[in-house]
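# Tertiary structure, described
Here is what each chain is made of, one letter per residue.
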Amino acid sequence: MAVTAFRWTNFLVRVVVAFALVFSTYNPSGHSWVHWFLESTNKLDPIILLSAIILIIGWAIYLRATARSLGFFGSLLVVALFGSMIWAMIFYGWLSLDNPSVLGYVALVLLSVLLAVGISWSHIRRRITGQIDVDDVETST
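Here Ser 32 shows up in the loop between helix H1 (8-25) and helix H2 (33-39). Of note is the side chain of Ser 32, whose polar atom sits 2.6 Å from the side chain of His 35. Those residues in contact with Ser 32 that lie beyond four places of it in its chain are Phe 23, Ser 24, Thr 25, Tyr 26 and Asn 27.

So this is what it looks like as structure tokens:
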């Protein structure tokens, strides 16, 4: 029988994994897979290619789950929500455009949260509405 309880710790684990995925792929600090690849003299180094495949698998899992659970319209709404949050932070002076790396970090954090919400959305919706996805219903045969 599948475990149906979904707690904040479950969501927190998904957020941490999404942060690791996003920030290990690229971040403004210069310590990411993209920077490692671009600065490498041997682009076909097996470790670089292995890490690329691991990152692609992670992205595929998170993007597919987000696309299936939120859909295009839901993802668009979350992006609009986060975009308006960034706009408000800039408008009220909480975030400055003078330092583009800070804006980059904020965007990467929000992307990580989007992916975590996307991969958790079925559980969150079930907690809010009580509705069960078709994938969650067990068949007895």
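Considering all chains together, one arrives at six aromatic pairs under this definition. For the pair Trp 8 and Phe 11, a centre-to-centre distance of 6.2 Å together with 85° between the ring planes defines the contact as edge-to-face. Here Trp 8 pairs with Phe 11, and both are found in helix H1, just three residues apart, close to one helical turn. Taking the relative accessible area as the measure of exposure, Trp 8 reaches 73% and is therefore exposed. When the centroid spacing of 6.1 Å and the interplanar angle of 15° are considered together, the rings of Phe 23 and Tyr 105 count as stacked. With Phe 23 in helix H1 and Tyr 105 in helix H4 (residues 100-129), this pair connects stretches of sequence that are 82 residues apart. Residue Phe 23 is classed as buried on the basis of its relative accessible area, which comes to 17%. Site record: aromatic cluster; members linked through ring pairs are Phe 19, Phe 23 and Tyr 105. Note that Lys 43 overlies the ring of Phe 37, its terminal NZ or CZ placed 5.1 Å from the centroid.

Attention shifts here to the environment of Arg 64. With respect to the helices and strands, Arg 64 occurs in helix H3 (residues 46-91). According to the relative accessible area criterion, Arg 64 is exposed, its value standing at 55%. Sequence separation of Arg 64 and Leu 115 is 51 residues, and the distance between their C-alpha atoms is 9.8 Å.

This part is about H4. The largest bend in H4 comes to about 65°, at Ser 120. Contacts made by the buried residues of H4 are with H1 and H3. Positive phi shows up at Gly 130, right after H4, with a value of about 85°.

Attention shifts here to the environment of Thr 66. Looking at where Thr 66 falls in the secondary structure, it is placed in helix H3. Sequence separation of Thr 66 and Val 117 is 51 residues, and the distance between their C-alpha atoms is 7.6 Å. When residues no more than four places from it in sequence are discounted, the contact partners of Thr 66 are Gly 71, Ser 75, Leu 114, Leu 115, Gly 118 and Ile 119. One polar contact links the side chain of Thr 66 to the main-chain carbonyl oxygen of Tyr 62, over a distance of 2.8 Å.

Quick look at the packing of H1 against H3 now. At a minimum axis distance of 10 Å, the contact between H1 and H3 shows a crossing angle of 130°. Between H1 and H3, the crossing angle belongs to the class labelled oblique. The two elements H1 and H3 meet at a crossing, and its hand is left-handed. Mapping the contact onto sequence places Arg 14, Val 17, Ala 18, Leu 21, Val 22, Ser 24 and Thr 25 in H1 and Leu 55, Gly 58, Trp 59 and Tyr 62 in H3. Looking at side-chain class alone, the contact of H1 with H3 contains seven nonpolar, three polar and one charged residues.

Calculation notes
- Residues numbered from 1 in each chain as written.
- Predicted model: local features only at pLDDT ≥ 70, side-chain atom pairs only at ≥ 80, totals over all residues.
- Heavy atoms only, no water.
- Helix = DSSP H or I, 4+ residues; strand = E, 2+ residues; numbered from the N terminus.
- Polar contact = N/O pair within 3.5 Å; in protein donor to acceptor, adjacent residues only side chain to side chain.
- Contact = heavy atoms within 4.5 Å.
- Phe/Tyr/Trp six-rings, centres within 6.5 Å; stacked < 30°, edge-to-face > 60°.
- Buried < 20%, exposed > 50% of the residue type's maximum accessible area, 1.4 Å probe, protein only.
- Lys NZ or Arg CZ within 6 Å of the ring centre and 35° of its normal.
- Bend = angle between axes of the 7 residues up to and from the residue.
- Axes fitted to C-alpha atoms, helices over the stretch in contact; angles between N-to-C directions.
- Parallel < 35°, antiparallel > 145°, perpendicular 65-115°, else oblique.
- Left-handed = near helix turned anticlockwise from the far one by under 90°.
- Nonpolar A, V, L, I, M, F, W, Y, C, P; charged D, E, K, R; others polar.

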